[in-house]
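# Fold and contact review
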Amino acid sequence: MFASAMKSARKIAEALKRERDVHIVTHIDADGISAGAIAKKSLEREGIENTIQFVKQLDDSTIEKIRDMGKVTWFTDLGSGVISKLDGIDYIIADHHMPDIEGGKRMLNWRHFNPHVYGIDGGKAISGAGLAYLIAISINKKNKDMADLAMVGASGDLQDAASCKFEGWNRNIIEIGKEEGILDVVRDLRMFGRHTRPLYKLLQYADDPFFPGLTGRESACLSFLRRIGIDKEERKWIELEYEEKKKVVSELVKLLIAKGFGNSFSSRLVGEVCELKREKIGTELRDVKEYATLLNSTARYGYAEVGMRICMGDRDEYFKKATELLKNHRRNIVSGIQFVKKEGVQEYGMLQYFNAGNHIRDTVVGIIAGIILHSREGKNDAPIIGFANKEGGEIKASARTTAPLVNRGVDLSKAMQKVADRLGGTGGGHEMAAGATIPRGTEDEFLKMLDKEIRNQLT
Ligand SMILES: [Mn+2]
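## Considerations on the side chain of Asp77
Take Asp77: it is sitting in the loop between strand 3 (72-76) and strand 4 (91-94). For the buried Asp77, no salt bridge exists, and the shortest N-O distance to an oppositely charged side chain is 13 Å, to Arg300. There is a polar contact of 3.3 Å between the side chain of Asp77 and the backbone nitrogen of Gly32. Beyond its immediate chain neighbours, meaning those up to four positions away, Asp77 contacts Thr26, His27, Asp29, Asp31, Gly32, Ala94, Asp95, His96, His97, Gly128 and Asp157.

In structure tokens, the structure reads:
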């Protein structure tokens, strides 16, 4: 299957190489930024003029404007969902999301590069950045050196979440990256912040798996480390001795088992991590997971361009700006959590929810919902919904649930899409984490319908 995908990538590459001026349209998140940077750099290296645009979604007016530009347009990390609306645009699509079914014949078109066309799961096997990369290396072998960005995109898309390792075409990319000497995969703690967070903070903010009694509680994390004999808890994970690392892992496993979260959680502690060998150890750019988070915090606050610059190799001022945005992002999360803890979480049938109004930004309400779900404030066995006001006067609803509920049939993406649709909004995402935009004042109705939908999924 990979060989025939590469054949398609080469066909697209040949077409792109004939162009003089290409417009790139990409998704505004870590995967989209990495994908856009790969596309841009590969065009620049060929001396092809280009422009780039970051979008949240391809709504009708955005598509109309792109059509009016009249340029060859390379969509990355989006496009497949609206393929039936793109007539009149000279397009290339490199997207891993589910294609628009109404697209019918249009879907089977050499300009449409999407793993679903090959019957391959785009949620695990390849990201938007990965697809852009396969085209880029077909444009020029030189572009193999962007395997790091392809994996940053895959990580930002949580493609390794299901099995704690990268799968499918991502593995082909890892192999190329290894040959090029720019990345390596090792088995290690999967927690976020191995390179940049003091160990107790890493534990405090852990959410996959979360640690009952530790997640969300700083002092508990500090005393846990003292109790198991790890001193200097300000140290980062990468600064620990091998024996100390072993000790921490085995004590965390013990804790999970003692609290009744046996195998399903402890098996997620250690897994594959992808390190970028050209980046400095101890920075946000060494581990693809941290790199992706850095990019996300530029995108969330309207500075996707800054993230893209970092991907393109510019550091200094851009890196400084991005780390400031990340710090600001962390502060927003901390104050958001405090707000929810103070206000409390309400129950609604099978669900639990909080309504943050203007107190939490719509771009972080999902993260906060996820942390609350696993903290003492939330019930650990009910999907959680966080509401926040959006700038345009609509409401953002973010939902999070747990792996055991997904195993029992819960699919938040489907449920949120269906309910938001009925209220005149939009929704979607993943089984375990999804979002929706709904008209203001429909929150109660939303909860009522979503509760019913989740109950249906469980039977
Ligand atoms: Mn993506």
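## Structural notes on the pattern of salt bridges
In total, this model carries 25 salt bridges according to the counting rule given. Between Arg278 and Asp148 there is a salt bridge, with the nearest N and O atoms lying 2.7 Å from each other. In this pair, Arg278 is assigned in the loop between strand 7 (270-276) and helix 11 (288-300) and Asp148 in helix 5 (residues 147-156), connecting sequence segments 130 residues apart. In this structure Asp148 comes out as buried when scored by relative accessible area, which is 7%. Salt bridges here are not isolated pairs; linked through shared partners, they connect Asp188, Arg194, Glu275, Arg286 and Asp287.

## Regarding the sheet that holds strand 5 (residues 112-113)
One open sheet holds the five strands; their spatial order is 2-1-3-4-5, and the pairing between them is parallel. One side of each edge strand has no neighbouring strand; the edge strands of this open sheet are strand 2 (49-55) and strand 5. Summarising the sheet, strand 1 (residues 21-27) and strand 2 pair through seven bridges and their orientation is parallel. Paired with Val25 across the bridge in strand 2 is Gln53.

## A short note on unusual backbone geometry
With a phi close to 55°, Leu158 is a non-glycine residue in the positive phi region. What makes Leu158 exposed here is its relative accessible area of 55%. Despite not being glycine, Cys164 shows a phi value in the positive range, around 60°. Topologically, Cys164 is positioned in the loop between helix 5 and helix 6 (169-179). Owing to a relative accessible area of 8%, Cys164 belongs among the buried residues under this scheme.

## Some remarks on the packing of helix 5 against helix 11
In the contact formed by helix 5 and helix 11, the axes pass within 8 Å of each other and the chain directions differ by 75°. Overall, the two elements helix 5 and helix 11 adopt an arrangement that is roughly perpendicular. The segment helix 5 lies against helix 11, with Asp148, Leu149, Met151, Val152, Ser155 and Gly156 engaging Val288, Lys289, Tyr291, Ala292 and Leu295. Partitioning the contact of helix 5 with helix 11 into residue classes produces seven nonpolar, two polar and two charged.

## As for the nonpolar core
In this structure, Trp74, Tyr133 and Leu134 are the most contacted members of the largest nonpolar core, which totals 68 residues. Of the residues that make up this core, three or more belong to each of domain 1 (2-142) and domain 2 (188-332). Beyond its immediate sequence surroundings of up to four residues, Tyr133 is in contact with Ile38, Asn143, Lys144, Met146, Ala147, Ala150, Ile173 and Ile176. Residues Ala206, Trp237, Phe265 and Leu269 belong to the second largest nonpolar core, which totals 26 residues.

## What about the coordination of the manganese ion?
The expected angle between donors at a tetrahedral four-coordinate metal is 109.5 degrees. At an octahedral six-coordinate metal it is 90 or 180 degrees. Coordination of the manganese ion by the protein involves Asp31 (OD), Asp77 (OD), His96 (NE2) and Asp157 (OD), with metal-donor separations of 2.1 to 2.3 Å. Spacing between the donor residues of the manganese ion along their common chain follows D-x45-D-x18-H-x60-D. Taken together, the residues Asp77 in the loop between strand 3 and strand 4 and His96 in the loop between strand 4 and strand 5 connect sequence positions 19 residues apart. By the burial criterion, Asp77 is buried, and His96 matches it.

## A look at helix 12 (residues 304-311)
Most of helix 12 sits inside the fold, with six of its eight residues counted as buried. Those residues of helix 12 not exposed but buried are Ala304, Val306, Gly307, Met308, Ile310 and Cys311. Packed against the buried residues of helix 12 are helix 2 (30-45), strand 2, helix 5, helix 11 and helix 13 (316-343). Taken from the residues just after helix 12, Gly313 is the one with a positive phi, measuring 105°.

## Things to note about the packing of aromatic side chains
In total, this model carries four aromatic pairs according to the counting rule given. Centre to centre, the rings of Phe2 and Trp169 are 6.1 Å apart; their planes meet at 65°, and the pair counts as edge-to-face. Of this pair, Phe2 sits in helix 1 (residues 2-17) while Trp169 sits in helix 6, and the two are 167 residues apart along the sequence. Given a relative accessible area of 5%, Trp169 falls into the buried group. For the ring pair Tyr118 and Trp169, a centre distance of 5.7 Å and an interplane angle of 75° mean the geometry is edge-to-face. On the criterion of sequence distance, the pair formed by Tyr118 in the loop between strand 5 and helix 4 (128-139) and Trp169 in helix 6 is long-range, its members being 51 residues apart. The pair formed by Tyr118 and Trp169 is uniform in burial state, with each residue classed as buried. Three or more aromatic residues joined by ring pairs make a cluster, and in this case those are Phe2, Tyr118 and Trp169. Taking the ring centre of Tyr303 as reference, the NZ or CZ of Lys321 above it sits at 4.4 Å.

What counts, and at which threshold
- Residues numbered from 1 in each chain as written.
- Predicted model: local features only at pLDDT ≥ 70, side-chain atom pairs only at ≥ 80, totals over all residues.
- Heavy atoms only, no water.
- Helix = DSSP H or I, 4+ residues; strand = E, 2+ residues; numbered from the N terminus.
- Buried < 20%, exposed > 50% of the residue type's maximum accessible area, 1.4 Å probe, protein only.
- Lys, Arg positive; Asp, Glu negative; His and termini not counted.
- Salt bridge = Lys/Arg side-chain N within 4 Å of Asp/Glu carboxyl O.
- Polar contact = N/O pair within 3.5 Å; in protein donor to acceptor, adjacent residues only side chain to side chain.
- Contact = heavy atoms within 4.5 Å.
- Pairing = 2+ DSSP bridges.
- Axes fitted to C-alpha atoms, helices over the stretch in contact; angles between N-to-C directions.
- Parallel < 35°, antiparallel > 145°, perpendicular 65-115°, else oblique.
- Nonpolar A, V, L, I, M, F, W, Y, C, P; charged D, E, K, R; others polar.
- Core = buried A, V, L, I, M, F, W, Y, C linked by side-chain atoms within 4.5 Å.
- Domains from an automatic or database assignment.
- Donors = N, O, S within 2.8 Å, 3.2 Å for Na, K, Ca; no water.
- Phe/Tyr/Trp six-rings, centres within 6.5 Å; stacked < 30°, edge-to-face > 60°.
- Lys NZ or Arg CZ within 6 Å of the ring centre and 35° of its normal.

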